[in-house]
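# An overview of the molecular structure
Chain residues, written in single-letter form:
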Amino acid sequence: MFKLENINQSFKGRQILNDLNLEVETGSILAIVGPSGAGKSTLLRLISGLDQPDSGRFVIDGETYVPSAAEKGGRIGVVFQDFRLFPHLSVLENVTLAPKMVKQLAKDKANALGQQLLRQLGLSAQEAAYPFQLSGGQRQRVAIARALAMQPDILCYDEPTSALDPSLVASVAELILSLKEDGMTQIVVTHDIQFANKIADQVFELQPNEANQ
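Residues numbered from 1 in each chain as written. Predicted model: local features only at pLDDT ≥ 70, side-chain atom pairs only at ≥ 80, totals over all residues. Heavy atoms only, no water.

This paragraph deals with the overall build of the protein. Counting secondary structure elements, the protein contains six helices and nine strands. Against the compact-globule benchmark of 17 Å for 213 residues, the protein has a radius of gyration of 17 Å, which places it among compact chains. Dimensions of the protein along its principal axes, counting C-alpha atoms only, are 50 × 40 × 35 Å. With 213 residues in all, the protein has 49% of them scored as buried. Counting only contacts in the protein whose residues sit at least 6 apart along the sequence, the fraction spanning at least 24 positions is 69%. Carbon and sulfur atoms make up 48% of the accessible area of the protein, which totals about 10,300 Å². Charged side chains in the protein number 19 positive and 24 negative. The centres of these two groups are separated by 7 Å. (Helix = DSSP H or I, 4+ residues; strand = E, 2+ residues; numbered from the N terminus. Rg over C-alpha atoms; globule rule 2.2 N^0.38 Å. Buried < 20%, exposed > 50% of the residue type's maximum accessible area, 1.4 Å probe, protein only. Contact = heavy atoms within 4.5 Å. Areas by Shrake-Rupley, 256 points an atom, 1.4 Å probe, with all protein chains shown as cover. Lys, Arg positive; Asp, Glu negative; His and termini not counted. Charge placed at Lys NZ, Arg CZ, Asp CG, Glu CD.)

In structure tokens:
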């Protein structure tokens, strides 16, 4: 189980998150929704370790956990809204770069892992392609494969449907639900309440300037 306990965060004198408490059961999907300015992106940055909260703590399986963007264990992975793929690297190279550099995985083992993930996500035919040659949906799946390559306990998504055509939203939902079947705990930050209700076991709505409890 992943818990957020009494998380507080302010920015330039404005309280963004006020004593926020959340629980995410292992293997379940939590969707965080809310209007612009409610603190969704702020919360995701805290969970992923890109920022640190003013106070409060994170707990994984009963133990206090301090998220860090530089963490080598990769317990929390993030799929960013803009995908952040390296344009000069192939699909397979994008997926295997972090396992090789951060986790010191041997090249052959990293490639085997990357190829397995690409098969799982229906991207085997794009292994040697470059990001500019891919559709938006394919780039997103590459970003998911790259996050999964670090073998995280929890996978977070920042607005996973915002850059996609409406026709691709259903395929994203299917992918997230298929990862749930594999036991992956997932947190989805989205403005799309309909999408959230379709995929999530739990929907939490953030409201701006309120005590999010």
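So that's the structure; there's more coming.
This model, assessed by the stated rule, comprises six salt bridges. Where Arg-84 meets Asp-82, a salt bridge forms, and the shortest distance between an N and an O atom there is 3.3 Å. In this structure, Asp-201 engages Lys-180 in a salt bridge whose closest nitrogen and oxygen atoms are separated by 2.7 Å. Remark: Lys-180 occurs in helix α5 (residues 166-181) and Asp-201 occurs in the loop between α6 (193-199) and β9 (202-205); sequence separation between them is 21 residues. Residue Lys-180 is classed as partly exposed on the basis of its relative accessible area, which comes to 28%. (Salt bridge = Lys/Arg side-chain N within 4 Å of Asp/Glu carboxyl O.)

According to the domain assignment, the protein contains domain 1 (1-75 + 154-212) and domain 2 (87-151). Its C-alpha centre places domain 1 at a distance of 23 Å from the equivalent point of domain 2. Listed by partner, the interface residues are 15 residues for domain 1 and 13 residues for domain 2. Carbon and sulfur atoms make up 68% of the surface buried where domain 1 meets domain 2, a total of about 970 Å² over both sides. Taken together, the links from domain 1 to domain 2 amount to two residue pairs in polar contact (both at pLDDT 80 or more). The element that contributes the greatest number of residues to the side of domain 1 that touches domain 2 is α5, accounting for four residues. In the side of domain 1 that touches domain 2, the residues fall into nine nonpolar, three polar and three charged. (Domains from an automatic or database assignment. Buried area = accessible area lost by both parts, 1.4 Å probe. Polar contact = N/O pair within 3.5 Å; in protein donor to acceptor, adjacent residues only side chain to side chain. Nonpolar A, V, L, I, M, F, W, Y, C, P; charged D, E, K, R; others polar.)

Further remarks concern the packing of helix α2 (residues 91-101) against helix α3 (residues 107-120). Interhelical geometry of α2 versus α3 gives an angle of 130° and a closest axis separation of 9 Å. Relative to α3, α2 is oriented oblique. As α2 packs across α3, the resulting crossing turns out to be right-handed. Here Val-91, Leu-92, Val-95, Thr-96 and Lys-100 of α2 come into contact with α3, specifically with Lys-107, Ala-110, Asn-111, Gly-114, Gln-115 and Leu-118. Broken down by class, the residue content of the contact of α2 with α3 amounts to five nonpolar, four polar and two charged. (Axes fitted to C-alpha atoms, helices over the stretch in contact; angles between N-to-C directions. Parallel < 35°, antiparallel > 145°, perpendicular 65-115°, else oblique. Left-handed = near helix turned anticlockwise from the far one by under 90°.)

Turning to the sheet that holds strand β2 (residues 14-24), a few remarks are in order. In spatial order, the strands read β2-β1-β4-β5; together these four strands make up an open sheet with antiparallel pairing. Because the sheet does not close on itself, it has two edges, and the strands there are β2 and β5 (63-65). Strand after strand, the sheet turns through a mean of 30° between neighbouring axes, direction not considered. (Pairing = 2+ DSSP bridges.)

This part is about the packing of helix α4 (residues 136-148) against α5. Packing of α4 against α5 brings their axes to within 11 Å, and their N-to-C directions diverge by 15°. Accordingly, the angle class assigned to the pair α4 and α5 is roughly parallel. You can see that α4 and α5 cross each other, and the crossing is right-handed. Along the contact surface, α4 presents Gly-137, Gln-140, Arg-141, Ile-144 and Leu-148, while α5 presents Leu-168, Val-172, Leu-175 and Leu-179. A per-class count over the contact of α4 with α5 returns six nonpolar, two polar and one charged.

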